[in-house]
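Listed below are the residues making up each chain.
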Amino acid sequence: MPIVNWSDEYSVNVAEIDAQHKELLKLVNGLHAAVESCIGKDELKDKLINLTEFTRHHFATEEELMKQHDYPDLVRHHKEHRTLLRHMDELVAMVSNGRSPTFYSDYDVSTDWALLHIEEHDRDLGHFLNAKGIG
Ligand SMILES: [Fe+2]
Ligand SMILES: [Fe+2]
């Protein structure tokens, strides 16, 4: 069962961001399924790296939009991205060192953080971009 399901209520009304959020949730679900089914460490590591790299790409997309349009809350939103990516990188390092992220505290960061971040930060960015005519 997927741990996070896309729903239209998560839409921030910006097509490029929504498409990336959907992909992000797909990767989160794939990682969760992998943890649940106790797949091999290498495969788990690959999935985690894919998720981390896609997240990096997604954050860069949002940050570019923020810069282009002088988003007033850019600093706070950037900081939140950096914090999340640091956790993801730590998780990759942990798995690379042979640990399996079996504890909720370990892989929580790769599950509900995506939805929380969308709700708490990306929604405001979406409203701002919509007001600038971007959707
Ligand atoms: Fe964001
Ligand atoms: Fe986002």
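The present account deals with the structure reproduced in this document. (Residues numbered from 1 in each chain as written. Chains lettered and ligands numbered in written order. Predicted model: local features only at pLDDT ≥ 70, side-chain atom pairs only at ≥ 80, totals over all residues. Heavy atoms only, no water.)

## Examining unusual backbone geometry
- Not every positive phi belongs to a glycine, and N13 is a case in point at roughly 65 degrees.
- Relative to the helices and strands, N13 resides in the segment before α1 (15-36).
- Look at D70: it is not a glycine, yet its phi comes out positive at around 50 degrees. (Helix = DSSP H or I, 4+ residues; strand = E, 2+ residues; numbered from the N terminus.)

## Some details on the coordination of the iron ion (ligand 1)
- In the first shell of the iron ion (ligand 1), the protein supplies E62 (OE), H77 (NE2), H81 (NE2), H117 (NE2) and D122 (OD), at 2.0 to 2.2 Å from the metal.
- Counting along the primary sequence, the residues that act as donors to the iron ion (ligand 1) give the motif E-x14-H-x3-H-x35-H-x4-D.
- The distance between the iron ion (ligand 1) and the iron ion (ligand 2) is 3.5 Å, with E62 acting as a donor to both metals.
- Residue class for H117 comes out buried when judged on its relative accessible area of 3%. (Donors = N, O, S within 2.8 Å, 3.2 Å for Na, K, Ca; no water. Buried < 20%, exposed > 50% of the residue type's maximum accessible area, 1.4 Å probe, protein only.)

## Regarding the environment of D89
- As for its placement among the helices and strands, D89 is situated in helix α3 (residues 74-96).
- Between the C-alpha atom of D89 and that of D42, which follows or precedes it by 47 residues, the distance is 16 Å.
- If we skip the residues at most four places from it in the chain, D89 touches T52 and R56.
- Reaching out from D89, the side chain makes a polar contact with the side chain of R56 at a distance of 2.9 Å. (Contact = heavy atoms within 4.5 Å. Polar contact = N/O pair within 3.5 Å; in protein donor to acceptor, adjacent residues only side chain to side chain.)

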